[in-house]
Amino acid sequence: MSTIQTEAAVYSAVQSVVGSLHMAHTEWKDAPGLPDFSLLKRLARDQLIFLLEQLPGKKDLFIDADLMSPLDRIANVTILKQHEVDKLYKVELKPIVSSSDQLCFLIRPRIQTVKWISDLVNADKVAGRFRRYKIIFTPQKFYACETVLEEQGVYGDVTTDEWNFYILPLDDDILSLELPEFFRDNFLEGDQRWVTTAGSALRLLQSVYGSFSKVYGIGRCAKMVYESWRELMEDGEQRTRQPEFAKVFLVDRDVDFVTPLCSQVVYEGLVDDLFRIKCGSVEFGPDVTSSDKSIKVMLNSQDKVFSEIRNEHFSNVFGFLSQKAKNLQTAYDKRRGMDIQQMKAFVADELKGLKQEHRLLSLHIGASESMMKKKTKQDFQELLKTEHSLLEGFEIRECITYIEEHINRQVSMIDSLRLLCLLSITENGLLSKDYRSLKAQYLQSYGIEHLLTFANLRQLGLLEEQQAGETLTVMESKVGKLVNDKTVGKLTDAFSSLAKKSNFRALSKRLALVPKSGEEYDLRVPRDMAYVFSGAYIPLSCKLIEQVLERDGWTGMEEVTRMLNGQEFAVTGGSSSSEARSKTDAQRIVLVMFLGGCTFSEISALRFLGKERGCRFIVVTTAITNSSRLLEALLDNSA
Amino acid sequence: VSRAKPEDDEYWNSSKFKAFTFDDDDDEFSRLKESKRAVNSILVDDDDDEEEEDGVERVSWSGEPVGSISWSVKETASSIRSGSEQSFPKIDTTPSLSKQGSGYSLSSLFKGDLYDLSPEETVRRMQKGRAFSLEKFRSLQDKLLLLDEAVAVYDGNLITAVLIYLKKSLSKEILFRELMARDVALRHYVHYLKEMGEQKLLVDVHILLMQYKEHLNIKDEGQRRDFLKSCLGLPFSQDDATHVQDHYTLLERQIIIEASDKKADAEIFKKFPRKASILNMPIITTLYYSCFYHYGESEGTYSSPENIRKTFRISEKQYILTALGARAKLKSWFDVDSLFNTKNWLGYTKKRSPIGFHRVVDILQKNSAPVNVLQEYVNLIDSPELKLSVALKYKCHDIVINTYRDLKDRQELVVYREKLERDSPEYRKIQELLNNVQIRWKN
């Protein structure tokens, strides 16, 4: 059966390349090197080619819009042409114009798309036209999709396959499942369709890069993913290989909604907020390029300028770039007074590099300028001030007034929503009268159909009205002082079933997420992960990771996990020899999987943490997210 | 098979499940009816003998064999089929059916086994993509055990798979009754129906909003209005009912305004042609529009700002902000002025604003108000620090200079002078102040 056979193909391919794998990093330096993830691309490409060959002859290929960029990262048109792909189309759910006798569809397993394909097939039948159809679902197929084929009477006319393209390496330390819908499906709709997918992604990593000595996690989904992964490993062959990662940390996005709702101020995060980085690449418009055309640029560690500023607080970037520019000028200036020989050497050895750097430098300077302009225009400073007040729990009335005016003036619909959500989470819900009045004003300003958006936000606990039972928390904390932790735990369990509360204020206090105000914070010499938010807030998600790694588990964090609604776990991996290897470098690589998306600010924070602790983090995420993406996924204001 | 029996008995005897039986005396009959329904819904031949096999065919869920041999088989099979193709072909039992994949023919080999599998084993097979059969899960109890098992392995794909089977083989009422007690499964089912566009099947209260959402699919504004009207009867919460009512009223008004403004030939429409229709715009946008094109109309007309303000209970603050934006855009400084004028009982006019005057200045500045207009409002800012910083930001020289003078801050004045053009009136004003020996500077 296809699943098994294709996977067998993948794993035999794995074995053939695995031999060469360890060579790349036999010597560890202070910070451990990272595994070579380009292998994952090769595997995905090989399987795709294999699948295309299952439909010999010329064929037209229809690709889901959101698969095009990921596909670009692992294959190109030449490769597709080599395997007899004639024309390429984007799936647009409209009637098609194709004269080919064979149609191949490379799609995500979505009912809507399959319905569209069924319609095409049925239209062909009515027209008496014979073609061959193949659907390649990626990363896997769903029963519900096949049922559509069956219901539409085209099951059998259309053949189906799976392309197990689970993971796309976006950079040396970022792996993405490229499944933005994971967030809404899992957390809003409560549909667990992607749980197995995440488990399979972990299995793939384990098969290629070796097993893990310890797994930690928090969140309902994290727990399920772990279970699914364990099941998969039990079924499959056991590989006893030197592990390449020491530890794995699984975290649900809904454990920490505050972090992705904050404005990003590290360079990479800011670029993502303003220009939207898509699949590791960004399109800079004319305002950045200072020409009349846009440029698409890859943003990763290959870009030498970018890799130096990506994790920096934006306020440092200007200084850095102008210093770079000066250095560049000096390097160019060397040409003066050179004789012919020197000039020749200069051109041969340095000029190309300089020109490359020049190009990158002017691009990032252009981007910084444009970002500065945009941010000034929207009174960014005032916005940040409000965010920081909310995080700190300071002058909440003023914050509400600010948000209200933001709404009244019909400024950015998403920003208004973001501030409302931040207010609600940090305050454990809004007072009834505030909730009603802000909601009414929001609907007046941005359209009444946002009723649906509010229902969604409420369901997720992102924007809530305080219930009459709110006093429970007070009582609970009082009880907490009288009885031991265990009893409180039980009480809390009972309460949390009533309403899932964010408990942000208490968590923030407990974990010291918000530094005391008034303290100077030198952003050029960050002292902790708070620098990614101008020293105002340490991302909760990253703080949890830090604490758990430090304690090697959740011991001593009972109160914290209780406030996060429990669901934490720590499991020691199968390999008993892990003790012996605890000193090897592999033990200093930690894989963090974000279920429901992760922001660039979090990645920057983890990179910082890694440097501090002499370890490296590899981020696996279902998708890169930010406040706009997160909230847009919850909008329901269009058909 | 044996393990299902006692449970079956328990099930039929327990009153809890009574609602399900179509005929209390004859469960065989109900089973027959049920399977007939299941069979009918899957478009198979009438031949009862084939039922089991077709059942396997239907639910077997595994991919195509990827080996080249099975492919070539399939190719020939499909080319055979194409010869006798009809517009609505029936699935037949000729060998061409095997083109659906060798997994199916294999599965028929151990069909007996498939029928003996427990819920756990069945779910395991499903997880691994092997052939399986759900047809043997006939009793409600067995169906629910199967569902619970799928939920227990956290695989959303399988949960939905089982639900699709339950949807076909259980009545809507029973299915919903059972799902109400199974939150995870319920959410999967709701999501599945939403994706299938079958939300009408949903009876849950949450779903009211889904029904309301339907309006987004209606393009024609008249029809959309009528649909919204029909939504007014839905049992929304009091709060949401008000919003839905507003939505209907808004669209109704917009349709009237649009019809008349489309052919309007008033001066304002010629001077500032409309860029888009007002249909389906938010309330505040509509208010802005009416402040722009229909300012000063009597409250009796639908298009007047006053009418909109009253109808949609718009706060004073919101009204002022919107009207200010619209009138400033038109550079009607007189209108702007009168927005803030209030007369006290002595008849003096005084400027009052529900929004901070720094915000007013902000909006005026964004609409390129001249300096004299700006200055007037900067002067109204309460806090001296804020006033100064706003004045600095927008270069209201007089105010800056007067503030420093009042603060007796000579040094700041000197600094500020340097930023000004030499011999400009402001420059000279500072010069005069600095030369004034009457002032006691603090520095």
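Predicted, not measured: the structure shown is a model, and the values here were computed from it.

On to the overall build of chain A. For chain A, the helix and strand inventory stands at 28 helices and 14 strands. Burial status across chain A gives 59% buried among its 639 residues.

What follows deals with the overall build of chain B. A tally of helices and strands in chain B yields 25 helices and 2 strands. With 443 residues in all, chain B has 48% of them scored as buried. For chain B, the share of sequence-separated contacts (at least 6 apart) that also reach a separation of at least 24 residues comes to 53%. Accessible surface, chain B: about 23100 Å² in total, of which carbon and sulfur atoms supply 52%.

Moving on: the pattern of salt bridges. All names here are of chain A. Within the structure shown, the criterion is met by 61 salt bridges over all chains. Among the salt bridges present, the one from arginine 510 reaches glutamate 559, with a minimum N-O distance of 2.9 Å. You can see arginine 510 sitting in helix H23 (residues 504–511) and its partner glutamate 559 sitting in helix H25 (residues 558–563), a full 49 residues away along the chain. Overall, glutamate 559 belongs to the partly exposed group, its relative accessible area being 32%. Residues joined in a network through salt bridges with shared partners are Asp171, Asp173, Glu268, Arg310 and Arg607.

On to the interface of chain B and chain A, then. Contact residues are listed per partner, giving 76 residues for chain B and 72 residues for chain A. Here chain B and chain A share an interface that buries about 6500 Å² over both sides, 52% of which is from carbon and sulfur atoms. Across the chain B-chain A interface, the total number found is 10 salt bridges. Here glutamate 189 of chain A makes a salt bridge to lysine 194 of chain B, at a shortest N to O gap of 2.9 Å. Linking chain B to chain A there are 23 residue pairs in polar contact (both at pLDDT 80 or more).

Now for the sheet that holds strand E13 (residues 589–595) of chain A. All names here are of chain A. If you trace the 7 strands from one edge of the open sheet to the other, you get E6-E7-E14-E13-E9-E8-E12, paired in mixed fashion. The open sheet terminates on both sides in strands that have one partner only, identified here as strand E6 (168–171) and strand E12 (568–572). Averaged over neighbouring strand pairs, the angle between their axes works out to 20 degrees when direction is ignored. Pairing analysis gives 3 bridges linking E6 to strand E7 (residues 174–176), with the strands arranged antiparallel. Bridge assignment links proline 169 to a residue of E7, and that residue is leucine 175. Together, E7, strand E9 (247–252), E13 and strand E14 (616–621) form the strand contacts of helix H8 (residues 195–209), whose direction differs from that of E13 by roughly 165 degrees. Against the sheet, helix H9 (residues 220–235) makes contact with strand E8 (214–218), E9, E12 and E13, and its axis sits at roughly 135 degrees relative to E9, the strand it touches most.

To continue, consider a positive patch on the surface. On the surface, Lys90, Lys94, Lys278 and Lys296 of chain A cluster together into a patch of positive charge. Inspection of the secondary structure assignment puts lysine 278 of chain A in the loop between helix H11 (267–275) and strand E10 (281–284).

Residue and element names in this part refer to chain A. Direction vectors running N to C along helix H2 (residues 38–53) and helix H3 (residues 65–74) enclose 105 degrees, while the axes themselves pass 9 Å from each other. For the element pair H2 / H3, the angle class is roughly perpendicular. Facing Lys41, Ala44, Arg45 and Leu48 of H2, the residues of H3 in contact are Leu71, Arg73 and Ile74. Partitioning the contact of H2 with H3 into residue classes produces 4 nonpolar, no polar and 3 charged.

We now examine the sheet that holds strand E5 (residues 158–162) of chain A. Within a beta sheet, neighbouring strands are joined by backbone hydrogen bonds and run either parallel or antiparallel to one another. Residues and elements named next belong to chain A. Here we have 5 strands laid out as an open sheet, ordered E2-E1-E3-E4-E5, and parallel in their pairing. Looking at the sheet topology across the chains shown, the edges are occupied by strand E2 (85–90) and E5. For this sheet the average axis-to-axis angle between neighbouring strands, irrespective of direction, equals 20 degrees. Of the strand pairs in this sheet, strand E3 (residues 102–107) and strand E4 (residues 132–137) are connected by 6 bridges, and their pairing is parallel. Bridging across to E4, leucine 106 finds its partner in isoleucine 136.

With that out of the way, let us pick up unusual backbone geometry. Glycine aside, a negative phi is what most residues show, and trans is what most peptide bonds show. In the segment running from threonine 138 of chain A into proline 139 of chain A, the intervening peptide bond is cis, with an omega of 0 degrees. Inspection of the secondary structure assignment puts proline 139 of chain A in the loop between E4 and helix H6 (143–151). Unlike most non-glycine residues, leucine 93 of chain A shows phi in positive territory, near 60 degrees. If you check the backbone angles, lysine 395 of chain B has positive phi at about 55 degrees while not being a glycine.

Attention now moves to the packing of aromatic side chains. Residues and elements named next belong to chain A. Under the counting rule described, the total for this entry stands at 33 aromatic pairs over all chains. Residues phenylalanine 212 and tryptophan 229 carry aromatic rings whose centres are separated by 5.1 Å and whose planes lie at 75 degrees to one another, so their mutual orientation is edge-to-face. Residue phenylalanine 212 is located in the loop between H8 and E8, and its partner tryptophan 229 is located in helix H9; the two are separated by 17 residues in the primary sequence. Note on phenylalanine 249 and tryptophan 554: the rings are 6.1 Å apart at their centroids and 50 degrees apart in plane angle, and the pair reads as tilted. With phenylalanine 249 in strand E9 and tryptophan 554 in the loop between helix H24 (540–551) and H25, this residue pair connects regions lying 305 residues apart in the sequence.

A separate point is the environment of phenylalanine 176 of chain B. When you line up the elements, phenylalanine 176 of chain B lands in helix H10 (residues 172–180). Along the primary structure phenylalanine 176 of chain B and tyrosine 189 of chain B are separated by 13 residues, whereas in three dimensions their C-alpha atoms are 9.6 Å apart.

All names here are of chain B. Where helix H8 (residues 140–152) contacts helix H9 (residues 156–169), the axes come no closer than 8 Å and their chain directions differ by 160 degrees. Classed by the angle they form, the pair H8 and H9 counts as roughly antiparallel. For the pair H8 and H9, the crossing hand works out as left-handed. Residue-level inspection shows Lys143, Leu146, Leu147, Ala150 and Val151 of H8 in contact with H9, the latter providing Leu158, Ile159, Val162, Leu163, Tyr165, Leu166 and Ser169. Broken down by class, the residue content of the contact of H8 with H9 amounts to 10 nonpolar, 1 polar and 1 charged.

As a further point, take the nonpolar core. Side chains of nonpolar character tend, in soluble globular proteins, to be buried together. Counting 301 residues, the largest nonpolar core has Phe105, Trp163 and Leu462 of chain A together with Leu364 of chain B as the members making the most contacts within it. The contacts of tryptophan 163 of chain A, once residues within four sequence positions are left out, are Ala44, Gln47, Leu48, Leu51, Leu71, Ile74, Leu106, Ile136, Phe137, Thr138 and Pro139 of chain A.

Glancing now at a nonpolar patch on the surface. Residues and elements named next belong to chain B. Taken together, Trp345, Leu346 and Tyr348 make up a surface patch of nonpolar side chains, about 480 Å² in accessible area. Along the chain, the position of tryptophan 345 falls in the loop between strand E1 (341–343) and strand E2 (349–351). Taking the relative accessible area as the measure of exposure, tryptophan 345 reaches 79% and is therefore exposed.

Look at H2 of chain A: 23 Å from first C-alpha to last across 16 residues, which is about the 22 Å you get at 1.5 Å a residue. Three or more residues of H2 of chain A are buried, namely Leu39, Leu40, Leu43, Ala44, Gln47, Leu48, Ile49, Leu51 and Leu52 of chain A.

A word on the confidence of the model for chain B. Residues and elements named next belong to chain B. Per-residue confidence for chain B gives a mean pLDDT of 75; residues scoring 70 or more make up 72%. No element of chain B has a lower mean pLDDT than helix H4 (residues 68–83), at 30, and none a higher one than helix H16 (residues 283–293), at 96. Low confidence marks residues 1–111, where pLDDT is under 50. Its contacts with residues over four positions away, or in another chain, come to 142 contacts. With pTM at 0.78, the complex prediction returns an ipTM value of 0.74.

Moving on: the state of the cysteines. All names here are of chain A. Within the structure shown, the criterion is met by 0 disulfides over all chains. In this structure cysteine 615 is a free cysteine whose sulfur lies 12 Å from that of cysteine 542, the closest cysteine sulfur available. Since its relative accessible area comes to 11%, cysteine 615 is described here as buried.

One turn of the α-helix equals 3.6 residues, which is why residues spaced by three or four share an orientation. Residues and elements named next belong to chain A. An ideal rise of 1.5 Å per residue puts 18 Å on 13 residues; helix H16 (residues 380–392) measures up with 18 Å between its terminal C-alpha atoms. The complete set of buried residues in H16 reads Phe380, Leu383, Leu384, Thr386, Glu387, Ser389, Leu390 and Leu391. Structurally, H16 contributes buried residues whose contacts are with helix H10 (258–261), helix H15 (340–377), helix H17 (396–408), helix H18 (413–426) and H23. Positive phi shows up at glycine 393, right after H16, with a value of about 75 degrees.

On to the environment of leucine 635 of chain A, then. All names here are of chain A. Looking at the element boundaries, leucine 635 is found in the segment after helix H28 (627–632). Judged by its relative accessible area of 15%, leucine 635 falls in the buried class. Each C-alpha atom of the pair leucine 635 and leucine 120 lies 30 Å from the other, and the pair is 515 residues apart in sequence. Once residues lying within four places of it in the same chain are set aside, the contact partners of leucine 635 are Arg184, Met413, Ile414, Leu417, His450 and Thr453.

Residues and elements named next belong to chain A. In the predicted model, chain A carries a mean pLDDT of 85, and the fraction of residues at 70 or more is 86%. The low-confidence segment residues 1–29, where pLDDT is below 50, has 58 contacts with residues more than four positions distant or belonging to other chains. Counted against residues more than four places away or in other chains, residues 576–582, with its pLDDT under 50, gives 7 contacts.

What counts, and where the lines are drawn
- Residues numbered from 1 in each chain as written.
- Chains lettered and ligands numbered in written order.
- Predicted model: local features only at pLDDT ≥ 70, side-chain atom pairs only at ≥ 80, totals over all residues.
- Heavy atoms only, no water.
- Helix = DSSP H or I, 4+ residues; strand = E, 2+ residues; numbered from the N terminus.
- Buried < 20%, exposed > 50% of the residue type's maximum accessible area, 1.4 Å probe, protein only.
- Contact = heavy atoms within 4.5 Å.
- Areas by Shrake-Rupley, 256 points an atom, 1.4 Å probe, with all protein chains shown as cover.
- Salt bridge = Lys/Arg side-chain N within 4 Å of Asp/Glu carboxyl O.
- Buried area = accessible area lost by both parts, 1.4 Å probe.
- Polar contact = N/O pair within 3.5 Å; in protein donor to acceptor, adjacent residues only side chain to side chain.
- Pairing = 2+ DSSP bridges.
- Axes fitted to C-alpha atoms, helices over the stretch in contact; angles between N-to-C directions.
- Patch = residues over 30% accessible without salt bridge, like charges linked within 9 Å, V, L, I, M, F, W, Y side chains within 5 Å.
- Lys, Arg positive; Asp, Glu negative; His and termini not counted.
- Charge placed at Lys NZ, Arg CZ, Asp CG, Glu CD.
- Parallel < 35°, antiparallel > 145°, perpendicular 65-115°, else oblique.
- Nonpolar A, V, L, I, M, F, W, Y, C, P; charged D, E, K, R; others polar.
- Phe/Tyr/Trp six-rings, centres within 6.5 Å; stacked < 30°, edge-to-face > 60°.
- Left-handed = near helix turned anticlockwise from the far one by under 90°.
- Core = buried A, V, L, I, M, F, W, Y, C linked by side-chain atoms within 4.5 Å.
- Expected span 1.5 Å × (residues − 1).
- pLDDT = per-residue confidence, 0-100.
- Disulfide = S-S within 2.5 Å.

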